[in-house]
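A look at the structure
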Amino acid sequence: MKRIKLKITALSPLAIAAKKPGSVSEAEDHIPGSVIRGAIASQILQLSNQQTPRIAEQNLTADGGDFEALFLGDEPAIFQNAYPAVAKIPDESNPNKSRPDLISRVVNDEILVLPATAVSSKTDPGFKPKNGVFDTLIDRFCADAFNYPYDPSDPKSIKENADARVEPYSGFYSCKDGKYRSHSNSTRFLTRVGINRQRATSQDDILYSIEVLNESFQETPQGQNWHHVVYRSEILVKDAELAKSLIKFINDNFQLFRLGGATSRGLGKVEITATIDEDAVTKARIKEFNEQLETRYRLWSVFSTLEKNLLENRTYFTLDLQSDAILTENWRRTTVISPKMLCEFVNLDDEFAQLNDEEEKNNFLKLEVAYSSYNYRSGWNSAWGLMKDIELVTNRGSVYLFSTNKENEKKWTDKLKDLELNGVGDRTSEGFGQIQVCNEFHNVFRENAV
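Just so it is clear, the model here is predicted, and its values are computed rather than measured.

Describing the sheet that holds strand E9 (residues 118-121)
If you walk across this open sheet you meet the 3 strands as E10-E9-E11, and the pairing is antiparallel. The sheet is open, and its two edges are formed by strand E10 (133-135) and strand E11 (166-168), each paired on a single side. When the angles between neighbouring strand axes are averaged without regard to direction, this sheet yields 35°. Pairing of E9 with E11 involves 3 bridges; the strand directions are antiparallel. When the sheet's bridge partners are listed, Val 119 is paired in E11 with Pro 168.

Some words on the environment of Glu 359
Checked against the element boundaries, Glu 359 lands in helix H10 (residues 358-364). Once the C-alpha coordinates of Glu 359 and Arg 314 are considered, the two residues, 45 residues apart in sequence, prove to be 14 Å apart.

Quick word on the sheet that holds strand E28 (residues 399-405)
Sheet architecture is open: 4 strands sit in the order E23-E28-E20-E29, paired in antiparallel fashion. Each having just a single partner strand, strand E23 (366-371) and strand E29 (435-437) make up the two edges of the open sheet. For this sheet the average axis-to-axis angle between neighbouring strands, irrespective of direction, equals 20°. With 7 bridges joining them, strand E20 (residues 314-321) and E28 adopt antiparallel strand pairing. From the neighbouring strand, Arg 314 faces E28, where its bridge partner is Asn 405.

Calculation rules
Residues numbered from 1 in each chain as written. Predicted model: local features only at pLDDT ≥ 70, side-chain atom pairs only at ≥ 80, totals over all residues. Heavy atoms only, no water. Pairing = 2+ DSSP bridges. Helix = DSSP H or I, 4+ residues; strand = E, 2+ residues; numbered from the N terminus. Axes fitted to C-alpha atoms, helices over the stretch in contact; angles between N-to-C directions.

In structure tokens:
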């Protein structure tokens, strides 16, 4: 599997609609993979139509060449979501300040989604120099194992005799040299007048507003210089030669792509550049997660002694959703990845089905805990000219903690590496179901909030 890294630079506002309640269109906080996929497919067909007229009306599933392999084949390319690369970084130009100001800058680091188990102060949430963010998954698991209540609090607020309550903290982040930065983008509303179709003039009492992602940002609120907003995404392609052809096509036509709606009114103009990227190391993250879990488990053991050590001869790993996922079990939508579903995702369902009783199944794979929520997603299919079905999706950031027998560790490590590339659930080629195994943020504990 070849990983193509995309850099998307916004040159005009992006109308990426999420919901349309009434006359207001709300924008997404990222660029969905389905939007990138549609834009590239549309551009390929437009340029091909100049050489082969009416190509879009042909049956491309039968003899579509590279287009068929990328979009219509049994193993199509996977277009992942594009997340904002604009990070909030402490301004260290003035060392005399006790608390440095935050400035906005484009960074080149990997952009991830905070897990649902991350929390921060209720009064001053955010990464340091604010009160800091920490994860609760491992500590909560250990507390439940020893039947001990777990109610986390903010250590910095306790020192300052302030409100120490915490609440879930979500969003995008990146990490470089142990320093964590939050990522975000800003939006604004564009108000338009409705047009009377008969008179071709403005219609009385008809106004509508489009929320768009801003195309530029300032380093500081007082700054005068504006910079283009950058998003980062990835495309996963199985064939190496096909990946090279796609990279060449994108780089040769980097100024021709349009993303989102209202492109005929000047919105959605972007520049896209593509490069080859290396695979991430899954095995190291699983090993580090289990080492941290074992260390915390020993710390929590001072409260009581269990008859059976839950970590003995077991390997633990997490699945962290990096995008919304469409999960189905027994023909019904669900928000939990069960052991049976996970075995189906990694082609171990036959081996799992041969296990006789519940104890053997738990020994092979057990879901320890799940943190998930749901939402609804729809969209517009430009190729069909129709609305997409409304899907119940599991929200990004959801966390699933699994354990397996130690003897199956190598088997699952290899399978999980492939699963990180292929994703889970339905419509993975459109960016749904992106996962990361053992997100490193789970190793950030309360006393070391970042």
